[in-house]
Amino acid sequence: MNLRNYLILFGIIGFALQGASCQGKRKLVKDRLTLDQAFVNQNLEDAKKQISYLASSVKEADIPTTFQNGKYVNWGSSWWCSGFYPGTVLYLYEYSKDPKLLDEAKRKLKYLEKEKNNKGTHDLGFMLYCSFGNALRLTSDSTSYKYVLSTGAASLATRYKDATKTIRSWDGGKNWDGQSWTYPVIIDNMMNLEFLMEVSKMTGNSSYADIAIKHADATMVNHYRKDYSSYHVVDYNSTDGSIISRKTAQGAFDKSAWSRGQAWGLYGYTMMFRETNDQKYLQQARNIAKFYLNHPNLPQDLIPYWDMDQNKLTTSSKYYNQKDLRDVSTAAVMASALLELAQYTDGGESQLYIVKAEQMLRSLSSKPYKADYKEAGGYILKHSVGSIPHETEVDVPLTYADYYYVEALVRYKRLLDGDPIIKI
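Residues numbered from 1 in each chain as written. Predicted model: local features only at pLDDT ≥ 70, side-chain atom pairs only at ≥ 80, totals over all residues. Heavy atoms only, no water.

Draft legend 1. Region of interest: helix α3 (residues 37-57). Between the first and last C-alpha of α3 there are 30 Å, a value that for 21 residues agrees with the 30 Å anticipated at 1.5 Å per step. For α3, the full list of buried residues reads V40, N43, L44, A47, K48, Q50, I51 and L54. (Helix = DSSP H or I, 4+ residues; strand = E, 2+ residues; numbered from the N terminus. Expected span 1.5 Å × (residues − 1). Buried < 20%, exposed > 50% of the residue type's maximum accessible area, 1.4 Å probe, protein only.)

See the structure below:
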């Protein structure tokens, strides 16, 4: 075992040894919560009813993505969102213990399993860990689910290149404005590292953790500006690892802070601290949170515009008429991430993260963002934005908004119960 792998191993062991102090910190977090069990349970019940209606409204082989113009849109198992619906169903099963939900999740996993061999996407964490990872955690079918996860991690690892020390996101081609990419890496990819970290522990194969750490380190250096906002895309030279350009694909303009990208980063670095106990990841997460929560363009209800710099768009921009659209999915990811970050910080800082996450949950759980029963085709939340530049999934319900909203509620419920947010 080389030195780096020893550091990874001892980092994980060191974090585990902090159990007693972390338990005290979790109790401190519990004492600061202001939402009650009735609020959390009611919104989880409402989510369960909605998802059950959605389940009854789509074909067995369909994996829901969104609902647009009165029609269900299902992009299939190879779409990056395919793991969120079964993951949401599994979180709601965890809450309710309703066997019908477990049966529904297993039906979708059957169609998703083949993606373990998909080497053409960096999103296998979203696709497999949010689904099969939760299934492994909540059921006894460990052998088959471990095989899917370990095979999928091996597929994802093929996209890593040591010259860039990153996992490649897209396989080339051109983006929405006709520009060609060489070796693009998007901030979203931080969300796929948890998959590798977990499989590394599960299998004892330290190479997966090593890839995740190298990717997180490179992203910290190359994606982030001095104010701790993030570019969406960094395009690398795959031969020598040099940077060709820093741009956006889904934001308002190259130097803007695309809102969901900021949430992906906060969630990712908070998770990397949990998995490694490396203080630089905790500091990165704190800096991202500070940038986001103090941003002058963040609305009072904490449901952000789709881009945090959308107010800088002029009338000449083709996005100007859509500049004020909110992105519910960002708030859902942020709320979930802040609840975890609150466990690793102290005093007023921890309190701030709890207060902001609670405010986000209150906003998400009310109009105009939360759908009424059977509204929006059975999706839980409305008013998310996929990609305005691509003119796709604009101001619609989205499966990943539902996933992270339910995850945040489940995490909050665990805190109310005095449990850790993450159950291993």
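Now that the structure has been shown, the text picks up again.
Draft legend 2. How the structure looks around the packing of aromatic side chains. Under the definition given, this model contains 23 aromatic pairs. Ring geometry for F132 versus Y145: centroids 5.7 Å apart, planes at 65°, classification edge-to-face. With F132 in helix α6 (residues 124-138) and Y145 in helix α7 (residues 142-157), this residue pair connects regions lying 13 residues apart in the sequence. Each of the two residues, F132 as well as Y145, counts as buried. Among the aromatic side chains, those forming a connected cluster through ring pairs are W80, F84, Y91, F126, W264, Y267, Y400, Y403 and Y404. Its end group placed over the ring of Y231, R225 keeps NZ or CZ at 3.9 Å from the ring centre. If you follow R326 out to its NZ or CZ, it ends over the ring of Y305, 5.2 Å from the centre. (Phe/Tyr/Trp six-rings, centres within 6.5 Å; stacked < 30°, edge-to-face > 60°. Lys NZ or Arg CZ within 6 Å of the ring centre and 35° of its normal.)

Draft legend 3. Looking closely at the environment of P389. Mapped onto the fold, P389 is located in the loop between β8 (384-387) and β9 (392-396). Through-space distance from the C-alpha of P389 to that of A249 is 7.1 Å; in sequence the pair is 140 residues apart.

Draft legend 4. View of the environment of I213. Mapped onto the secondary structure, I213 falls in helix α9 (residues 206-222). According to the relative accessible area criterion, I213 is buried, its value standing at 9%.

Fair warning: the whole summary comes from geometry, so function is off the table for now.
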